[in-house]
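Structural features, examined
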Amino acid sequence: MINRRGLLGALSGLMLLAACAGAPTDAKGDPLEPLTITTASGEHRFMVEIADDDAERQRGLMEREPLADDRGMLFQFPDVAERGFWMRNTPSSLDIIYIDPRGRIVSIAKNATPLSDAIIPSNGPASGVLELRAGRADEIGARAGDKVSHPFFAE
């Protein structure tokens with residue numbers, strides 16, 4: 001026989017599962033996080049995967065399907081430094097956006113060549129790097145100096 005407390009606990013657990021079931025997740029099952037880029041054309045919202053440790057940053061979007069228009073991956077680094085990314089084992093072109101600790105775009109490498117080992121420099125110190133589907137930066141009018149809003153960046 002199920003007691004009232006057990007029944008309430010089970011129902012609460014099911015409600016929590018149902019609420020989480022609709023939330024978007026990344027390839028590992030972790031929830032995606034909201035990120036906004038504010039450009040001259042307005043606010044543009046994305047849901048991003050987070051790469052915040054060495055293994056995740058090294059793997060990035062390798063061997064993955066192309067990103068949807070409203071998706072991305074945010075690479076978070078514990079320091080501020082010149083950055084360089086490559087496209088090794090990444091089959092679809094990306095826009096690579098380098099971001100300073102205050103959330104300002106440092107530079108944008110547009111339409112990075114798929115599967116290339118060429119290093120794409122940040123051309124300035126960055127603590128974050130956002131990868132979007134190739135062409136998205138131009139579609140939203142993103143430029144150096146525009147604001148990226150996410151809890152990782154100091155306001």
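In this report, the structure presented in the accompanying data block is examined. Starting afresh in each chain, residues are numbered from 1 along the sequence in its written order. Local features in this predicted model are restricted to residues of pLDDT 70 or higher, and side-chain atom pairs are both shown and tallied only at a pLDDT of 80 or more, whereas totals for entire chains, interfaces and linings draw on every residue. Side-chain descriptors were evaluated using all non-hydrogen atoms of the structure, hydrogens and water having been removed beforehand.

Below, the discussion takes up unusual backbone geometry. If a residue is not glycine, its phi is most likely negative; likewise, a peptide bond is most likely trans. Notably, glutamate 63 is not glycine yet its phi reads approximately 55°, a positive angle. Burial classes: relative accessible area under 20% of the type maximum marks a residue as buried, over 50% as exposed, and values in between as partly exposed (1.4 Å probe, protein chains only). Judged by relative accessible area, which is 56%, glutamate 63 ranks as exposed. Although it is not a glycine, asparagine 123 sits at a positive phi angle of roughly 60°.

This part is about the pairing of strand β5 (residues 105-112). Strands are treated as partners if at least two bridges between them are detected by DSSP. Note on conventions: DSSP H or I runs of at least 4 residues are helices, E runs of at least 2 residues are strands, and numbering of each starts at the N terminus. In this structure, strand β4 (residues 94-99) lies alongside β5, joined through five bridges in antiparallel fashion. The residue bridging leucine 94 from the neighbouring strand is alanine 112, located in β5. Adjacent in sequence and paired antiparallel, β4 and β5 are bridged by five residues, among which glycine 103 carries a positive phi angle near 90°.

Taken in spatial order, the seven strands line up as β5-β4-β6-β3-β2-β1-β7 in an open sheet, and their pairing is mixed. Either end of the sheet is taken by a strand with one partner, and the two such strands are β5 and β7 (147-149). Recorded for the sheet is a direction-independent mean angle of 35° between the axes of neighbouring strands. Sheet topology places strand β2 (residues 42-51) next to strand β3 (residues 71-85); five bridges connect them, and they run parallel. Directly across from glutamate 49, in β3, lies its bridge partner methionine 73. Simply put, an axis is a line fit to the C-alpha atoms, just over the touching stretch for a helix, and the angle between two N-to-C directions goes from 0 to 180 degrees.

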